[in-house]
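What follows is each chain in one-letter form.
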Amino acid sequence: QVQPVESGGGLVQAGGSLRLSCEASGRSFSTYGMGWFRQAPGKEREFVASISWGGLIDYSNSVKDRFTISKDNGKSTVYLQMNNLKPEDTAVYYCGHYSDLGRWAGRRPDSWGQGTQVTVSS
């Protein structure tokens with residue numbers, strides 16, 4: 001089984017930038033793609049962005065003009081570059097692993113990382 005491992009969260013002022021990283025450790029050859037989700041206090045976990053190893057990309061409408069997802073297949077790692085951050089982006093960001101197209105298209109990861117906190121101050 002693949003275990004995503006996130007890094008790169010932190011505290012930033014509104015308008016600032018952060019880059020999150022997620023490495024797929026374990027059986028990475030079984031990876032179709034990976035994605036980012038976030039969960040703010042008192043809210044449900046929501047989709048942010050995802051990328052397939054073949055280059056398909058999907059964004060939520062709330063971030064598509066500010067966030068960029070990218071990948072390094074050789075390192076089995078995906079990145080989320082977050083620019084022009086807003087206080088409403090404050091959440092725990094989770095990386096999810098997709099083992100096939102069905103899960104990727106349905107935004108249903110089969111495994112999750114432990115999460116990394118992103119806090120945007122106003």
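A short tour of the structure in this document, coming up. (Residues numbered from 1 in each chain as written. Predicted model: local features only at pLDDT ≥ 70, side-chain atom pairs only at ≥ 80, totals over all residues. Heavy atoms only, no water.)

Attention shifts here to the pattern of salt bridges. Applying the stated rule across the entire model yields four salt bridges. Here D89 ties to R38 by a salt bridge, and the two come within 2.9 Å at their closest N and O atoms. Taken as a pair, D89 in the loop between β8 (77–82) and β9 (91–98) and R38 in strand β4 (residues 33–39) lie far apart in primary sequence, 51 residues in all. R38 matches D89 in its accessibility class, with the two residues each being buried. D58 is the salt-bridge partner of R107, the closest N and O atoms lying 3.0 Å from each other. Of this pair, R107 sits in the loop between α1 (101–105) and β10 (111–112) while D58 sits in strand β6 (residues 57–59), and the two are 49 residues apart along the sequence. Connected through shared salt-bridge partners, R38, E46, R66 and D89 make up one network. (Salt bridge = Lys/Arg side-chain N within 4 Å of Asp/Glu carboxyl O. Helix = DSSP H or I, 4+ residues; strand = E, 2+ residues; numbered from the N terminus. Buried < 20%, exposed > 50% of the residue type's maximum accessible area, 1.4 Å probe, protein only.)

Right, let's get into the sheet that holds strand β3 (residues 18–25). As summarised here, the arrangement of the four strands in space is β1-β3-β8-β7, forming an open sheet in which the pairing is antiparallel. Each edge of the sheet is formed by a strand with only one pairing partner; in this case those strands are β1 (3–7) and β7 (67–72). In this sheet, neighbouring strand axes are inclined to one another by 20° on average, regardless of whether the strands run parallel or antiparallel. In this sheet, β8 lies alongside β3 in antiparallel orientation, the contact comprising six bridges. Within β8, the position partnered with C22 by the bridge is V78. (Pairing = 2+ DSSP bridges. Axes fitted to C-alpha atoms, helices over the stretch in contact; angles between N-to-C directions.)

A word on the state of the cysteines. Under the criterion given, the structure shown has one disulfide. One disulfide bridge connects C22 with C95, the sulfur atoms lying 2.1 Å from each other. Residues C22 and C95 share a disulfide whose torsion about the S-S bond is about -90°; that sign makes it left-handed. Linking C22 in strand β3 with C95 in strand β9, this pair joins segments that are 73 residues apart in sequence. Side by side, C22 and C95 carry an identical accessibility label, which is buried. (Disulfide = S-S within 2.5 Å.)

Inspection of every chain in the model, using the stated rule, returns four aromatic pairs. Relative to F47, the ring of F37 lies with its centre 5.5 Å away and its plane at 75°, an arrangement referred to as edge-to-face. Residue F37 is located in strand β4, and its partner F47 is located in strand β5 (residues 46–52); the two are separated by ten residues in the primary sequence. Each of the two residues, F37 as well as F47, counts as buried. The interplanar angle of 85° and the centroid separation of 6.5 Å between the aromatic rings of Y94 and W112 together place this pair among those described as edge-to-face. Of this pair, Y94 sits in strand β9 while W112 is found in strand β10, placing the two residues 18 residues apart along the sequence. By relative accessible area, which is 14% here, Y94 ends up buried. The rings of F37, F47, Y94 and W112 are connected pair by pair, giving a single aromatic cluster. It is R45 that lies over the ring of Y94; its NZ or CZ is 3.7 Å from the centre. In this structure, R107 packs its charged tip against the face of F47, placed 3.9 Å from the ring centre. (Phe/Tyr/Trp six-rings, centres within 6.5 Å; stacked < 30°, edge-to-face > 60°. Lys NZ or Arg CZ within 6 Å of the ring centre and 35° of its normal.)

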